[in-house]
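Structural overview for review
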Amino acid sequence: MVTDKVSYSECVGCSACANICPKGIISIKQNNEGFEVPMINCSECIQCGLCEKVCPVLNTMFEGDYPKKGYVVKSNELVVRKNSSSGGVFFELAKQIIKQEGKVVGAIFNEENAVVHYMATFSDEIAKLRQSKYVQSRKGKTFSEIKSELEKGTAVMFVGAPCEVAALKLFLVKNYENLFTCDFICKGAASPKIYEAYLKELEKKYNSKAKIINFREKSLGWSNYSIKIVFENGSVYKKDRYHDWYLRGYIEENLFLRKSCSACKFKGNNRSSDITLADFWGVGKVKRKWDDDLGTSLVITNTAKGEQMLEGISDEIFDEQVPLDIALKGNSTYYDSIIPSPSRDSFFVDIDHNLFSETVKHYAYKGFLAEMKREVRNKLHWIVRKGRILISKIDSQ
């Protein structure tokens, strides 16, 4: 690690330290769990302390007391919503920045299907950035590249996890009027190593390299999203969030998330971003007409600049303010860190000796059975309700 002040269980993997090091002697390596951690060549260290100054674990970089506001938001373009993870707000914000000849930085799948942060310059690149990637991204020299563009006067919008936005702000030191930041309500960072094992197993099964990966495909509905992988040979793999073992291990079982995510210091109102983005889960309980199961976004403005960003796309979206406590009822991870599976450490040991599917099934099967029982029970209740409605209609005639 870079410093004895930050243990692996605390490190968030933001790469700010490697970006700031004036000697270039901090390298980012994958540990045995597949998460990126910084390593230093101590013999060449000049003890400048910059790596510690930009570390979000050691320093606080939260915005002031600007009153946060919650909004229900949807893009006016149906095709944008269908191709986005939720309501298409990111796409509309990014489009606005590109129109200003600015640049947008977010996570993409690269040519090897690894998840990396990427700087988009053209409008046709925005599609690469949208949609959720349930894997921790490699940041590389992203922070240094952003600073270079900001110094030129280029407008830059950065999208990342709350810890990554905090790290970027610390790295930059000063405020830039041409910097716009978005974080999201984050469950936690999933291991790239586990994602790679999952993908390799599927590529072997279908005898083809994955071409398109979508963790939030919505043909079965926004509330019952699926992972969809299209392979180069035309084969398609698709399973919903309850039946795909990667989604189950990540979403339901908390099997392979970064250790620091279980004690995240960037929860609640501890935000460095201008805007927080999320799915507006439970939006139909606020107003039934708002939920068409195509995806609805929750937007929280954390700064005056965030309000201006939302106002800047007002012609492209439907938006309405909602009391923050009501808006966040369906997003417990806004406030709470995840509780890791008690089998987490055993899982990471076993994955080195077994196939992904075999390992995750072993640890997630009990949870899977419980979910199946809930599914069957809910369907039975639905059938009973429909039956009662039908009988009441017959009786009324």
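It should be emphasised that the depicted structure is a prediction, and the values quoted were computed from it without experimental measurement.

Thoughts on the packing of aromatic side chains
This structure, assessed with the given rule, holds 22 aromatic pairs. Taken together, a centroid distance of 6.5 Å and an interplanar angle of 35° make the contact between Phe109 and Tyr195 tilted. Residue Phe109 is located in strand β4 (residues 103-109), and its partner Tyr195 is located in helix α8 (residues 192-206); the two are separated by 86 residues in the primary sequence. Relative accessible area serves as the criterion here: at 3%, Tyr195 is assigned to the buried category. The cationic tip of Lys147 hangs over the ring face of Phe171; the distance from NZ or CZ to the ring centre is 5.9 Å. In this structure, Lys305 packs its charged tip against the face of Phe180, placed 5.1 Å from the ring centre.

Overview of unusual backbone geometry
A positive phi angle, close to 80°, is found at Gln131, a residue other than glycine. Considering the arrangement of structural elements, one finds Gln131 in the loop between α5 (126-129) and α6 (142-151). Phi is positive for Asn207, which is not a glycine, with a value near 55°. With respect to the secondary-structure elements, Asn207 resides in the loop between α8 and β8 (210-217).

Observations regarding the environment of Ile28
Here Ile28 lies in strand β1 (residues 26-30). When the C-alpha positions of Ile28 and Ile40 are compared, they lie 8.8 Å apart, and in sequence the two are 12 residues distant. Not counting chain neighbours up to four residues away, the residues in contact with Ile28 comprise Ser15, Ala18, Glu36, Val37 and Pro38.

Remarks on the pattern of salt bridges
Tallying each qualifying case throughout the model produces 14 salt bridges. The closest approach of N and O atoms between Arg81 and Asp292, which form a salt bridge, is 2.8 Å. Within this pair, whereas Arg81 is found in helix α3 (residues 78-82), its partner Asp292 is found in the loop between α10 (283-286) and β12 (297-301), the two being separated by 211 residues in sequence. The buried category is assigned to Arg81, whose relative accessible area is 5%. Of the charged contacts in the structure, one is a salt bridge between Lys238 and Glu217, with a shortest N-O distance of 3.3 Å. Linking Lys238 in strand β10 (residues 236-240) with Glu217 in strand β8, this pair joins segments that are 21 residues apart in sequence.

Topic: the nonpolar core
Core analysis: the largest hydrophobic core is formed by 39 residues, its most contacted members being Phe215, Ile229, Tyr246, Phe256 and Phe347. Each residue touching Ile229, except ones within four places of it in the same chain, is listed here: Tyr198, Leu199, Leu202, Ala210, Ile212, Ile213, Ser235, Val236 and Tyr237. Formed by 29 residues, the second largest nonpolar core is a distinct cluster that contains Val12, Ile20, Phe143 and Leu170.

Considerations on the sheet that holds strand β9 (residues 226-231)
Strand order in the open sheet formed by three strands is β8-β9-β10, and the pairing between neighbours is antiparallel. A strand with exactly one partner marks an edge of an open sheet, and here the two such strands are β8 and β10. On average, adjacent strands in this sheet sit at an angle of 10° to one another, irrespective of strand direction. Strand direction decides the pairing type here: β8 and β9, joined by five bridges, are antiparallel. Bridge pairing links Glu217 to Ser226 in β9.

The rules behind the values
- Residues numbered from 1 in each chain as written.
- Predicted model: local features only at pLDDT ≥ 70, side-chain atom pairs only at ≥ 80, totals over all residues.
- Heavy atoms only, no water.
- Phe/Tyr/Trp six-rings, centres within 6.5 Å; stacked < 30°, edge-to-face > 60°.
- Helix = DSSP H or I, 4+ residues; strand = E, 2+ residues; numbered from the N terminus.
- Buried < 20%, exposed > 50% of the residue type's maximum accessible area, 1.4 Å probe, protein only.
- Lys NZ or Arg CZ within 6 Å of the ring centre and 35° of its normal.
- Contact = heavy atoms within 4.5 Å.
- Salt bridge = Lys/Arg side-chain N within 4 Å of Asp/Glu carboxyl O.
- Core = buried A, V, L, I, M, F, W, Y, C linked by side-chain atoms within 4.5 Å.
- Pairing = 2+ DSSP bridges.
- Axes fitted to C-alpha atoms, helices over the stretch in contact; angles between N-to-C directions.

Geometric descriptors of this kind do not, in isolation, establish any biological role.
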